[in-house]
Structures are given as C-alpha cells and as structure tokens.
Amino acid sequence: MTTLAASQGWRFRKPSVIPGFGLTLGFTITYLALIILIPLSGVAWRTTELGWAGFWAIATDERTLNALRISFGASLIAAIVNVVFGTIVAWVLVRYRFPGRRIVDAAVDLPFALPTAVAGIALAAIYAPNGWIGQFLAPLGVKAAFTPLGIVIALVFIGLPFVVRTVQPVMEEIDREVEEAAATLGANRFQTIRRVILPGLAPAVLTGFALAFARAVGEYGSVIFIAGNIPYVSEIAPLLIVIRLEEFNYAGATAIAAIMLLISFAMLFAINLIQAWSRGRHGYGG
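In this text, all values refer to a predicted model and were calculated from it rather than measured experimentally. (Residues numbered from 1 in each chain as written. Predicted model: local features only at pLDDT ≥ 70, side-chain atom pairs only at ≥ 80, totals over all residues. Heavy atoms only, no water.)

Chemist: Help me out: how do you make sense of the environment of Arg69 in this one?
Modeler: Topologically, Arg69 is positioned in helix H4 (residues 62–95). Relative accessible area serves as the criterion here: at 51%, Arg69 is assigned to the exposed category. When the C-alpha positions of Arg69 and Glu235 are compared, they lie 9.7 Å apart, and in sequence the two are 166 residues distant. The residues touching Arg69, leaving out its near neighbours within four places in the chain, are Ala74 and Tyr232. (Helix = DSSP H or I, 4+ residues; strand = E, 2+ residues; numbered from the N terminus. Buried < 20%, exposed > 50% of the residue type's maximum accessible area, 1.4 Å probe, protein only. Contact = heavy atoms within 4.5 Å.)

Here it is, written out as structure tokens:
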C-alpha cells in the first residue's frame with residue numbers, strides 16, 4: 001500500500017483519454033529549445049567573449065544607460081497609459097451598444113496588422129510641428145515628434161490592443177447581476193467598481209500590462225521614425241544594438257541585448273508574482 005501511494009504521489013501527470021502525451025511533450029520542449037532557449041543561450045555565450053570587465057564597461061557606459069533608461073522608462077509609461085485607457089475601451093465595447101461599435105472594435109486591432117514602419121512614419125507626420133496634431137501642440141510649447149514624448153506615443157499606439165484584448169473577454173464574463181446586487185446592498189458606483197469589478201479584472205489587467213510592456217521594450221520600427229534618435233536624448237536601446245552591429249561590434253551588441261534580457265526577465269517575474277498574489281487574494285483565475 002505504501003509503495004502504491006508513493007508511486008501515485010510521484011506521478012506528475014494524470015492519465016488522459018487523448019493519447020500522445022510523450023510525443024507532444026517532446027515536440028513542445030524541442031520547439032521551445034530551438035525557437036527560444038538556444039537563441040537566448042547564444043546571446044549569453046557571445047557576451048562572455050567580452051569578459052566581466054568588458055561587459056561591465058558596456059553596462060555602465062553613459063550612452064548605454066541613457067538608452068536603457070529611455071527604452072524601459074518610455075515602455076513603463078506607455079504600459080500604464082494603456083492599462084488605464086485600454087480598460088476603458090474594453091468597458092465601452094463590452095457594456096454599451098452604439099452605432100459603429102464593430103468599426104471601433106476592429107480599429108483596436110489595427111496596430112497588429114499595420115507594419116510598424118508605416119505606423120512610425122504616420123505618427124511622425126501627424127505629431128510633427130506642422131502636422132495635424134503637432135500644429136496645435138506647438139503654440140503650447142509641446143514638442144511631440146523627435147522627442148522622448150514621441151517614443152511614448154508610438155509605444156502607446158502599438159501596445160493598446162494587448163490590454164484591450166486581454167481585459168475584454170474577462171469583462172464579458174462578469175455578471176451584471178453582481179453589480180446590481182452590490183447596488184441593492186447600498187454600494188455606490190465607485191465602491192462597486194473598486195470592490196466588485198476591479199478584483200475580478202486585476203489578473204487580466206496585469207497580464208495586459210505585462211504584454212504591452214514587453215512589446216514596447218523591444219519595439220524598433222515605429223519608434224525610430226518619431227524618436228529623432230539623438231544620443232543621450234531620444235536614442236532607444238534596440239537602436240543602439242543596431243548601431244553596434246553596423247560597427248561590427250557584435251559582442252557589444254549582444255551585451256546590450258543581454259542587459260535588456262535580464263531587466264525584462266526581472267520585471268516580468270515581479271509582475272507574475274503580483275498576478276499570483278492577486279489570484280490568491282481575490283480567488284479569481286487559475
């Protein structure tokens with residue numbers, strides 16, 4: 001009996017009516033290794049050619065630090081903006097019916113289909129001092145194009161669908177009767193949103209934030225046209241990697257990529273911890 005219990009305790013999977021677990025698991029591990037693990041290992045291996053001193057010199061270089069600060073800072077701001085307004089967009093699409101709703105719903109996915117270079121050129125033309133929107137910002141002393149503000153605008157544009165499409169399905173599952181029950185118990189709209197709606201949306205919102213942030217950190221095509229690409233001012237880390245590659249400084253390029261990889265892993269790990277805490281506290285999600 002003890003041996004049987006021990007064998008059952010060590011079993012890491014339950015029998016399935018669908019055969020092929022071993023084959024599909026092997027295919028999954030092989031695919032992930034070829035597409036993700038091996039390329040990332042190549043980045044780490046190429047970085048070791050510099051040695052610790054060379055890697056530290058690149059990591060602490062003023063130009064590298066400024067590029068990383070701009071990339072991650074702009075990505076963080078854009079992700080926060082998308083969380084706020086993306087949740088509002090999802091709320092409108094789920095809770096209201098109005099003429100042109102399907103058009104608005106389809107327009108949310110436009111950044112997915114639009115080439116990033118086209119998006120960058122369009123944003124640069126619109127927010128330039130003589131553009132459709134830039135001409136109204138210029139008298140106010142606000143310069144959007146060719147500044148860090150332009151980077152944030154481009155990252156907001158490409159990251160919005162990630163938040164909307166992550167929050168929207170979860171919001172559709174929230175029963176309106178729960179809100180009505182809260183109202184009958186004396187809760188006002190703010191209390192209903194804070195205590196009933198937001199706890200259920202928190203894991204989805206955090207997931208949308210993580211996806212938008214991760215997408216923004218690695219964005220290149222839509223940013224370089226509106227950023228201005230001025231070193232120490234509006235130069236992003238992906239552009240600095242391309243510059244190092246054009247200089248045939250492959251080790252330096254992979255060192256910057258490795259730094260971005262480490263920072264991204266750390267931030268996404270922290271977000272996953274917050275997601276797990278939110279699910280455990282509020283009892284939503286698996």
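Chemist: So what exactly am I meant to see when it comes to the nonpolar core here?
Modeler: Where a protein is soluble and globular, its nonpolar side chains tend to be buried together. In this structure, Leu68, Phe72, Val167, Met171, Leu201 and Met260 are the most contacted members of the largest nonpolar core, which totals 37 residues. Listing elements by their share of this core, those giving two or more residues are helix H3 (51–59), H4, helix H9 (148–173), helix H11 (189–217), helix H13 (237–246) and helix H14 (250–282). Counting residues per element, this core draws most heavily on H4, which supplies nine residues. Filtering out sequence-adjacent residues up to four positions away, Val167 remains in contact with Thr87, Ala90, Leu201, Ala204 and Val205. With 22 residues, the next largest nonpolar core counts Ala74, Ala144, Leu155 and Ala216 among its residues. (Core = buried A, V, L, I, M, F, W, Y, C linked by side-chain atoms within 4.5 Å.)

Chemist: Explain empty space enclosed by the protein here, please?
Modeler: One water molecule sets the probe size; rolling that probe over the atoms shows where empty space is left. Applying the stated criterion to the full structure yields one cavity of 30 Å³ or more. In this structure, the largest cavity occupies an estimated 40 Å³ of space. In terms of lining residues, the largest cavity is bounded by Ser71, Ala74, Ser75, Ile151, Leu155, Ala216, Val217, Glu219, Val223 and Ile236. Counting residues per element, the ones that place at least two in the lining of the largest cavity are H4, H9 and H11. If one sorts the elements of the lining of the largest cavity by residue count, H4 sits on top with three residues. Residue composition of the lining of the largest cavity, grouped by class: seven nonpolar, two polar and one charged. (1 Å grid on protein atoms, 1.4 Å probe; cavity = no way out; pocket = protein on both sides within 12 Å on 5 of 7 lines; lining within 4 Å. Points joined across faces, edges and corners; volume = space filled by probe spheres on them. Nonpolar A, V, L, I, M, F, W, Y, C, P; charged D, E, K, R; others polar.)

Chemist: I tried to follow the side chain of Arg101 on my own but got confused; where do I start?
Modeler: Within the element layout of this structure, Arg101 appears in helix H5 (residues 101–108). For the buried Arg101, no salt bridge exists, and the shortest N-O distance to an oppositely charged side chain is 5.2 Å, to Glu172. (Lys, Arg positive; Asp, Glu negative; His and termini not counted. Salt bridge = Lys/Arg side-chain N within 4 Å of Asp/Glu carboxyl O.)

Chemist: What is the right way to look at the layout of surface pockets in this model?
Modeler: The calculated volume of the largest pocket comes to roughly 280 Å³. Lining the largest pocket we find 14 residues, and of these Val217, Ala257, Met260, Leu261 and Ser264 sit closest to its centre. For the lining of the largest pocket, the secondary-structure elements that each account for two or more residues are helix H2 (21–47), H11 and H14. Partitioned by chemical class, the residues of the lining of the largest pocket number 12 nonpolar, two polar and no charged.

Chemist: When you look at the pattern of salt bridges in this model, what are you seeing that I'm missing?
Modeler: It is possible for side chains of opposite charge to pair when their charged atoms get near one another. For the structure on display, the rule yields five salt bridges. Ionic pairing is found between Arg165 and Asp109, a salt bridge with its closest N-O pair at 2.8 Å. Residue Arg165 is found in helix H9, and its partner Asp109 is found in the loop between H5 and helix H6 (110–113); the two are separated by 56 residues along the sequence. Of the residues examined, Asp109 reaches a relative accessible area of 29% and is grouped as partly exposed. For Arg215, the salt bridge is made with Glu219, and the minimal N-O distance between the two is 2.3 Å. The partly exposed category is assigned to Arg215, whose relative accessible area is 28%. It is possible to trace a salt-bridge network through shared partners that takes in Asp105, Asp109 and Arg165.

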